[in-house]
Every structure is written in C-alpha cells, then in structure tokens.
Amino acid sequence: MAFTSTSFPAELVKEVFTGAQGHSAIAKLAGSTPVAFSGTDIMTFSLTGEVNLVGEGEAKGSHTNENKVVHMVPVKIEYGARVSDEFVRASEEKQLEYIRAFNEGFEGKIARGLDIMAMHGTNPKTGVASALIGTNSFDTNTDVTGVTYTSADPEANVTGAIAAIGDYDANGIAMSKVFAGALAGLKVNGVAQYPELSWGANPGAVRGVAADVNSTVSAVATKKAYVGDFANAFKWGYAEKVNFEVIEYGDPDNTGSDLKGHNQVYLRAEAWIGWAILDGTAFARIED
C-alpha cells in the first residue's frame, strides 16, 4: 500500500497551493510569503513626513514614525472524503490517481477557505465567526472603512473606497458577481463603461487595477467588494507541509456511519495557511 498516514509528496504540495492561487481572490491580489508553523514576524514601519535634505555641517532633523511587528500565525484547515475501500488494495499508480483527483478538489477548498477566512472572519464550513481569526479579517478589523453599496452607481462606490484608504495605493479589488454585474451594466449615453466585465467575465484587471470576481466575496451576503493596497498591506502564506491520512476504521467525519460497515475508507488532508492585514486603514469594503 503506497499511501497511509503520511505527508503529501513535495510535488503534490506544490500542486495544491499552485491550484489554490488560481481560485483565490486573496492569492491573486496579494503576495505570498513562507510561513513557519510557529508563525512569522512581519516588521512594518509607518513613516510620516519626508526625507531631510542636509547640507555639509548642518544638523540632522528629527522624524516621526511608528513601527510594529505583525505576527502571522498559520491556522490548520482540514477536508476529507469517503471512498471505496478498494483504495487500500489498489496499486501505487492507481492510488496516486485517487490522490491527484482528491488534490484537485482540495486545492479549490483551500482557495475558498483562505478568502472566506481573511475576508469575513468565519469558519468556511459553518459560516460562524471564529475566535481563531478574531480581528484578522476585512470584516472584523475595525480600521477597515465601510462604504455603502449603491447599485445604481457602483463606480462611485469604488471612488469612495479609494478615497477612504488615503495615501495607500488601490492596487487591487475583489468583487462579488453582483458588484461586477452592476459595473458591467453601468452605461453613459448608452455606452457600457466596463465592457470587460460583461457576460460574467473575469478579466484579471479593470482600469489597470488588478481585479478578481469571486463568489467568496459574497459568502457573507451583505459584502460586495474589497478595495485596497493588497500588494503592500496584506501578506499570506502556507507552511510547506500537507498531512494526508487514510483512515480505515471508525467514524472520523462524525456522521454516525461506520467505515468498515460500509466498505469505505476516509481520506483526510490537513494544511496550514496564514495571513496578516498589516494595516486595516489600507482597505475598504463595499457593503449593503
């Protein structure tokens, strides 16, 4: 038997998170960084004022700044599936086919999970606010500005969100399908202002700003879009290990159904991902 309780081979770990980046708005808009199991410290500086021009022999000036350390701690996520117990008797090649198929599904779940947790602060499975996340989400961070959604003028909402983040750059926008549809329908003198969003398209950029249209934005129904400095004020990453278990006995998913009694085994994968909002004032959410 090739696979029991082990870790994913390195090539599968890479496939998991490469695929996850393809489906996650957060991963598309923000840069990733390696995360240690014990967490990773990210130093941030908030420098006010400008550099001082100093002539020969002149005294140097004082400067006002603030620095802090943001500790990015990974959280564990898990997903499992019941399959026929033929899996344990299959050849290594056949087992690898099972794992790759499971892997494809798992990468999509990781992507959705990252978005839902970082945007909304909820457990993706239950939809309930999680104490493990606390204020480390766009919805629960009180420094993130809320902008009221106006379906008749979504462009004004984006303009308001950009104004709200002040000196930060608006280099990314994550949009719900509703918000993208409102922009696609916006016309001036009968001319569509955002034709690149027509027919549910996801162009990757709108007006030169990196963009992603994703159903994860509206996982909490009142949220329509998130605008901000994803390139500089948000970090995410994963620990380079994915645990994989083949469980042959019991009821590991707590469904009340015994595996042996139904000729099944349970495949479970666990991964560790972390993220950090370095400054909530760099973001605004558009919401009902």
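Summary of the structure given here. Every chain is numbered on its own, with residues counted from 1 as its sequence reads. The predicted nature of this model means local features are confined to residues of pLDDT at least 70 and side-chain atom pairs, given and counted, to a pLDDT of 80 or more, with totals for whole chains, interfaces and linings taken over all residues. As a rule here, side-chain values cover all heavy atoms of the structure and leave hydrogens and water aside.

1. Points about the side chain of D212
Operational definition: For helices the rule is a DSSP run of H or I covering at least 4 residues; for strands it is a run of E covering at least 2, with both sets numbered from the N terminus onward. Exposure is judged per residue with a 1.4 Å probe applied to protein chains only, and the accessible area is read against the type maximum: over 50% gives exposed, under 20% gives buried, and values in between give partly exposed. Here, two residues are considered to be in contact whenever any of their heavy atoms come within 4.5 Å of each other.
Relative to the helices and strands, D212 resides in strand β10 (residues 209-213). Using a relative accessible area of 2% as the deciding quantity, one classes D212 as buried. If sequence neighbours within four positions are ignored, D212 has contacts with S24, A25, K28, L29, I173, A174, M175 and N202.

2. Re the sheet that holds β10
Let me state the cut-off plainly: Any two strands with at least two DSSP-identified bridges between them are counted as paired. Here the axes come from fitting lines to C-alpha atoms, over the contacting stretch only for helices, and the angles between their N-to-C directions go from 0 to 180 degrees.
Taking strand neighbours across the sheet as the criterion, the six strands line up as β5-β14-β11-β6-β10-β9 in an open arrangement whose pairing is mixed. Edge strands, defined here as strands with exactly one partner in the open sheet, are β5 (145-148) and β9 (205-206). Running at roughly 105° to strand β6 (residues 172-175), helix α5 (residues 177-184) makes contact with β6, β10, β11 (223-228) and β14 (283-287) of the sheet.

3. As for unusual backbone geometry
Unlike most non-glycine residues, N189 shows phi in positive territory, near 55°. Structurally, N189 can be placed in the loop between β7 (187-188) and β8 (191-192). A residue is classified by how much of its surface remains accessible, and N189, at 78% relative accessible area, is exposed. Even without a glycine there, the phi angle at N263 is positive, about 55°. Mapped onto the secondary structure, N263 falls in the loop between β12 (234-247) and β13 (264-277).

4. A closer look at the nonpolar core
Defined as follows: We call a set of buried residues a nonpolar core when its members are Ala, Val, Leu, Ile, Met, Phe, Trp, Tyr or Cys and they connect through side-chain atoms within 4.5 Å of each other.
If you look at the biggest cluster of nonpolar residues, it comprises 41 residues, and the most contacted ones within it are I26, F138, F234, W236, W275 and F283. In contact with W275, not counting residues within four places along its chain, are M72, V75, L114, M117, A118, I133, N136, F234, K235 and W236. With 22 residues, the next largest nonpolar core counts I165, I173, L183 and A184 among its residues.

5. Some remarks on the pairing of β14
Of all five residues in β14, five are buried; the element is thus mostly enclosed. In β14, alternate side chains face the same way, and those of F283, R285 and E287 on one face and A284 and I286 on the other are all buried. Where β5 and β14 come together, four bridges link them in parallel fashion. What sits directly across from G146, in β14, is R285. Both β11 and β14 contribute to a ladder of five bridges, which runs antiparallel. Note that in β14 the partner of K223 across the bridge is E287.

6. Points about the layout of surface pockets
As a reminder, the rule being used: Points on a 1 Å grid, built from protein atoms alone, make a cavity when a 1.4 Å probe fits but cannot get out and make a pocket when they are open with protein on both sides within 12 Å along at least 5 of 7 lines; residues with an atom within 4 Å of a point are the lining residues. Grid points are joined across faces, edges and corners, and a volume is the space filled by probe spheres set on the points. When residue character is reported, Ala, Val, Leu, Ile, Met, Phe, Trp, Tyr, Cys and Pro are called nonpolar, Asp, Glu, Lys and Arg charged, and the others, Gly included, polar.
Roughly 720 Å³ of internal volume is contained in the largest pocket. Around the largest pocket, the lining is made up of 25 residues, and of these I77, E78, N123, P124 and K125 lie nearest the centre. Counting only elements with at least two residues in the lining of the largest pocket, the list comes to β4 (75-84), α3 (92-120) and β13. Among the elements that take part in the lining of the largest pocket, α3 stands out by supplying seven residues, more than any other. For the lining of the largest pocket, a count of residues per class yields twelve nonpolar, six polar and seven charged.

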